[in-house]
Amino acid sequence: MLSLLALASSAVWGTSDFFGGLMAKRLPAVAVVGITQGLAFLLLCGVVLVRLALGDPPEWGSWVGWAVLAGLSGATGLVAFYTALASGTMGVVAPIASMGVLVTVGLGVASGETPSGWVWLGIAVAVVGIVLASGPEISGAVSPRPVLLACVAALAFGLALFSLDRGSRDSLLMTLWGMRFTSVVVFASVALVLRSVGGAGRAHLLPLALIGSADLLANALFATASSRGQVSIASVLGSLYPIATILLARIVLGERLRPVQQVGVVCALVGAGIISL
């Protein structure tokens, strides 16, 4: 079940990231992230209100601190990631950003997790696949700016996933709510200072709402998977989202994969299979 949930989160994340990157070509990345996070927050507020109406009020606990950390790091990662996707090649940017899995795995092992030998083999194969899938950046064939932004996104995503995992062990719903609340406060403050929402209009609300809902669903799937097992395993499977992004970029935008990237995608899938088994 852990493997299926984590793989599902990667598919949803990859799809959400692709369309988020497309929107970031039309609107500032800060506006895309801020509005998608805000709309997802409204959805979560509705769920929390239903829970209150059913007589099951949420309790304060350790999820609060983890939710704040996940919200800050997740929002930072998304802004950097969407900016990179909008200015670079999606098939290159997405695999680099997914290297944040090394941060999550490292934190998981440091906190006492002990993956088996087969899992370590699967992790190694999957990580090699992710590196190969970003082949163009190895040869220096792309602009350094999107690569640097993707690296920032990787570090932020790794910390966000670990924080999301730890908070969800106390309360999944409230961690997601607190995570979105934190990011909404940050982006709302920026919008007030700048007195602008980045040019977003009514026509943008529906696609942004769908992107925000998909990102929220992916977070929930990952948190559920990681809280049922080891975050080091779930994070590797969840980090396969570049495959979905790369395939969509190939189909929709006509971006072509180099041979080294094709090998990387196969390695990532093989690694996921080893971990799942």
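We now turn to the structure provided with this report. (Residues numbered from 1 in each chain as written. Predicted model: local features only at pLDDT ≥ 70, side-chain atom pairs only at ≥ 80, totals over all residues. Heavy atoms only, no water.)

Topic: the packing of aromatic side chains
Thinking step 1. Going through the model one piece at a time under the given rule, you end up with 9 aromatic pairs.
Thinking step 2. Ring geometry for F81 and F157: centres 5.6 Å apart, planes at 80°, overall edge-to-face. Here F81 is found in helix α3 (residues 63-87), whereas its partner F157 is found in helix α8 (residues 144-168), with 76 residues between them in sequence. Comparing F81 with F157, the two get one shared label, buried.
Thinking step 3. By way of ring pairs, the aromatic residues F41, W177 and F181 are connected into one cluster. (Phe/Tyr/Trp six-rings, centres within 6.5 Å; stacked < 30°, edge-to-face > 60°. Helix = DSSP H or I, 4+ residues; strand = E, 2+ residues; numbered from the N terminus. Buried < 20%, exposed > 50% of the residue type's maximum accessible area, 1.4 Å probe, protein only.)

Points about a nonpolar patch on the surface
Thinking step 1. Among the surface-exposed residues, V30, V68, L72, V186, V190, V193 and L194 lie close enough to one another that they form a single nonpolar patch of about 560 Å² accessible area.
Thinking step 2. Broken down by element, the residue count for the nonpolar patch peaks at 4 residues, all from helix α9 (residues 172-194).
Thinking step 3. Relative to the assigned elements, L194 resides in helix α9. (Patch = residues over 30% accessible without salt bridge, like charges linked within 9 Å, V, L, I, M, F, W, Y side chains within 5 Å. Areas by Shrake-Rupley, 256 points an atom, 1.4 Å probe, with all protein chains shown as cover. Salt bridge = Lys/Arg side-chain N within 4 Å of Asp/Glu carboxyl O.)

Details of the nonpolar core
One broad trend across soluble globular proteins is that nonpolar side chains are buried collectively.
Thinking step 1. Judged by nonpolar contacts, the single largest core of 70 residues is most densely connected at V32, F81, Y82, F157, W177 and F222.
Thinking step 2. In this view, V32 contacts G20, M23, A24, L27, Y82 and L208; residues no more than four positions away in its chain are not counted. (Core = buried A, V, L, I, M, F, W, Y, C linked by side-chain atoms within 4.5 Å. Contact = heavy atoms within 4.5 Å.)

As for helix α2 (residues 29-53)
Thinking step 1. If you check α2, its first and last C-alpha atoms are 36 Å apart, about what 25 residues at 1.5 Å a residue would give, namely 36 Å.
Thinking step 2. Remark: G55 follows α2 within two positions and exhibits a positive phi of approximately 80°. (Expected span 1.5 Å × (residues − 1).)

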